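# Chain and residue survey
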Amino acid sequence: MTRAVITGIGPVSSIGIGAAAFESGLRAGHCGIAPITSFDTTGFPRILGGEVPAFDPDSILRRIDPREWGRSSQFAAAAARLAARDAGLQWDRLDLDRVAVVIGTTSGEAKATELYGRHLAEGGFDAVPGEIARTLPADRLSAAVSAELDARGESMTIATACSASNYALGYAYDLIAGGEADVVFSGGADSVCRWAHAGFLRLGAVADEACTPFDRDRAGMVTAEGGSVLVLESAEFARGRGAVPYAEFLGYASNCDANHMVTPDASSIADCMRAAHANAGVEPGDVDYVCAHGTGTPANDLTEARALREVFGGDVPPVSSIKSMLGHTMGAASGFGAIASVLAVARGFLPPTINWSTRDPDMPWLDPIPNRHREAKVRVVQNNGFAFGGNNAIVMLGAAS
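Residues numbered from 1 in each chain as written. Predicted model: local features only at pLDDT ≥ 70, side-chain atom pairs only at ≥ 80, totals over all residues. Heavy atoms only, no water.

## Focus on empty space enclosed by the protein
- For the structure on display, the rule yields 2 cavities of 30 Å³ or more.
- The computed volume of the largest cavity comes to approximately 60 Å³.
- In terms of lining residues, the largest cavity is bounded by C291, A292, I322, K323, L326, G327, T329, A333, F336, G337, N383 and N384.
- Breaking the lining of the largest cavity down by element, the ones donating at least two residues are helix 11 (323–326), helix 12 (333–347) and strand 14 (380–387).
- Considering every element that reaches the lining of the largest cavity, the biggest residue donor is helix 12, with 3 residues.
- Broken down by class, the residue content of the lining of the largest cavity amounts to 6 nonpolar, 5 polar and 1 charged.
- Every residue lining the second largest cavity is listed: S107, D190, S191, V192, C193, A196, T223, A224 and M330.
- A class-by-class count of the residues in the lining of the second largest cavity yields 5 nonpolar, 3 polar and 1 charged. (1 Å grid on protein atoms, 1.4 Å probe; cavity = no way out; pocket = protein on both sides within 12 Å on 5 of 7 lines; lining within 4 Å. Points joined across faces, edges and corners; volume = space filled by probe spheres on them. Helix = DSSP H or I, 4+ residues; strand = E, 2+ residues; numbered from the N terminus. Nonpolar A, V, L, I, M, F, W, Y, C, P; charged D, E, K, R; others polar.)

## Some words on the packing of helix 1 (residues 19–28) against helix 12
- Across the interface, helix 1 lies against helix 12 with an axial gap of 11 Å and an inter-helix angle of 80 degrees. Classified by the angle their axes make, helix 1 and helix 12 are roughly perpendicular. Contacts from F22, E23, L26 and R27 in helix 1 reach F336, I339, A340, L343 and R347 in helix 12.
- Within the contact of helix 1 with helix 12, the residues separate by chemical class into 6 nonpolar, no polar and 3 charged. (Axes fitted to C-alpha atoms, helices over the stretch in contact; angles between N-to-C directions. Parallel < 35°, antiparallel > 145°, perpendicular 65-115°, else oblique. Contact = heavy atoms within 4.5 Å.)

Structure (structure tokens):
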């Protein structure tokens with residue numbers, strides 16, 4: 001099988017836009033969470049979100065008109081454009097038929113769906129502007145990336161909720177490993193929207209003051225947004241153009257709890273970890289860092305910690321959740337985790353879990369890298385992604401050789 005490497009990253013996030021700003025935000029433990037401004041939060045008991053107020057699509061995009069696309073598609077296309085620049089790709093030297101796009105999402109163009117519904121309720125179908133209807137399909141996310149980059153290979157949107165980016169990255173890896181593409185742009189995108197915030201509130205899953213993953217007093221997640229795209233290339237193709245990879249994509253695994261819509265299962269997650277290790281050709285002792293799913297909800301964090309204990313025994317590697325800084329970016333979440341992971345490998349540091357203050361006695365084996373980043377030599381990283389419906393996907397990344 002053809003080896004795959006990661007040569008470019010394109011984060012559009014609340015703690016930084018672009019590779020350098022995002023790395024700086026991670027190292028500083030910057031918090032991108034603030035009161036939501038993108039919709040009226042009157043009547044909501046909790047109003048925090050991880051929005052990207054600095055996002056200006058016109059300053060990044062070159063081929064598509066942002067006004068013709070929804071916010072999530074803009075995030076995806078902008079993240080891909082940034083990743084392409086970071087990778088140093090020269091378009092006149094690419095076979096564009098072998099450049100593919102795979103993007104994950106939870107809600108697609110949820111903001112457009114909300115606007116569509118408002119017009120429909122107030123005036124019927126005749127009141128719905130055509131330009132809103134055109135932005136609705138979720139496949140627009142990958143289409144926006146393909147159009148922005150003139151990529152003519154396979155273009156796919158994967159909607160496996162909060163683990164969607166890891167599913168997308170796994171699919172991208174398969175395209176490279178199977179010889180079906182030279183370059184794949186992969187990751188995820190989602191936008192803060194009223195219905196998702198309201199839905200998680202009704203589930204009792206939203207924090208009131210801060211997102212505090214793995215802390216004894218954690219109280220919930222914070223909905224967030226952004227775009228996270230990575231450039232995967234065959235190692236031979238990257239070498240041929242003189243690219244210096246951030247990391248190598250070692251392998252991945254996915255499975256389903258097949259048990260409960262919202263309650264994760266530790267044994268199934270542990271099985272997914274073991275499968276990911278096997279597919280990547282690594283042992284648990286090889287893993288230097290785990291970029292956790294770590295939503296900050298009591299049940300999710302404890303389940304993830306127990307699964308880690310089951311797989312790693314008494315030697316669980318350092319574990320952190322960047323959702324403490326970003327909030328939960330839904331379908332983009334594990335893409336941001338993958339970006340943080342390749343930076344950990346390439347730059348030699350472990351991102352922190354901020355807002356952490358008190359060890360949870362139910363998970364004493366966990367080192368959450370509290371509040372400050374840690375310099376470290378990182379050879380292998382495990383990036384976790386879990387989702388409602390029991391959809392688990394784990395990506396393994398390692399130092400490029």
